[in-house]
Amino acid sequence: MTETLESPPGALAARRRLGVGAVIVLVLIAFAVTIGIGMLRGVSGTQEVSAASPPLATALAPPQAGLYVHVAGAVRAPGLYRLAAGDRVADAVARAGGFTDDAERAGVNLARPVADGEQIVVPVVGATPDDGTGAAHGTAAGGLVDLNTATREELDALPRVGPAIADRIIAWRKENGRFTSVDDLGSVPGIGDKMLDGLRDLVRV
């Protein structure tokens, strides 16, 4: 006769509780893993955004400083004007309203780049140093000859200069722009150190 073994009611209840507890533990573990993956992704995204930030911060460059020139003579609105670096005499004349009807347009080199602090004087047709029109005077106060505005005759009157050297000084001025120093005379063909020393106290820029 076969004997059937049956578990007592208390043991079955304990097994059911153990199974339910195991399921709950597995659910909690899966939830914790999901939260951990989300946090890792969030940290990774934050790092990517901050890595892209420096180029945005350095994209803005400081503005380029301008320069100031004084436009005088035969222009419609003489005065002090601010120009951009690299602008030319033509830009300065345009800012001053353009030429007047009696302007000697060939008297200025419109293609020459302007320098900070310089004066651009547009002469009047047929003007002389004493006509009061605002044209440049080659002889400054104290009797010094201004190398940037002197006429051929005024340069010719300097010791040992003569008409040929005077023409070379004017040609250098038209080609290279204003004399920024008396020493620039040394770059003029025909003017050596000895002549330069003799002219140093007689001219100015």
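Since the model is a prediction, treat every value here as computed from it, not as a measurement. (Residues numbered from 1 in each chain as written. Predicted model: local features only at pLDDT ≥ 70, side-chain atom pairs only at ≥ 80, totals over all residues. Heavy atoms only, no water.)

Draft legend 1. Focus on the packing of aromatic side chains. Within this structure, the stated rule accounts for one aromatic pair. Centre to centre, the rings of W172 and F179 are 4.4 Å apart; their planes meet at 25°, and the pair counts as stacked. Both residues of the pair, W172 and F179, belong to the buried class. (Phe/Tyr/Trp six-rings, centres within 6.5 Å; stacked < 30°, edge-to-face > 60°. Buried < 20%, exposed > 50% of the residue type's maximum accessible area, 1.4 Å probe, protein only.)

Draft legend 2. Quick look at the pattern of salt bridges. Within the structure shown, the criterion is met by seven salt bridges. Where E118 meets R178, a salt bridge forms, and the shortest distance between an N and an O atom there is 4.0 Å. Here R178 lies in the loop between α4 (162–176) and α5 (193–199) and E118 lies in the loop between α2 (89–95) and β3 (119–122), a separation of 60 residues in the sequence. The exposure class of E118 is buried, given its relative accessible area of 4%. Linking R204 and D146 is a salt bridge whose minimum nitrogen-to-oxygen distance equals 3.0 Å. Placement of the pair is R204 in strand β5 (residues 203–204) and D146 in strand β4 (residues 145–146), with a sequence separation of 58 residues. We classify R204 as partly exposed; its relative accessible area is 31%. A residue is classified by how much of its surface remains accessible, and D146, at 10% relative accessible area, is buried. A single network of salt bridges, built from pairs that share partners, joins R112, E118 and R178. (Salt bridge = Lys/Arg side-chain N within 4 Å of Asp/Glu carboxyl O. Helix = DSSP H or I, 4+ residues; strand = E, 2+ residues; numbered from the N terminus.)

Draft legend 3. Focus on the nonpolar core. If you look at the biggest cluster of nonpolar residues, it comprises 20 residues, and the most contacted ones within it are L155, I169, L185 and I191. Tallying contributions element by element places α4 first for this core, with five residues. Setting aside its immediate chain neighbours within four residues, L185 contacts L147, I169, F179, I191, L196, L199 and V203. (Core = buried A, V, L, I, M, F, W, Y, C linked by side-chain atoms within 4.5 Å. Contact = heavy atoms within 4.5 Å.)

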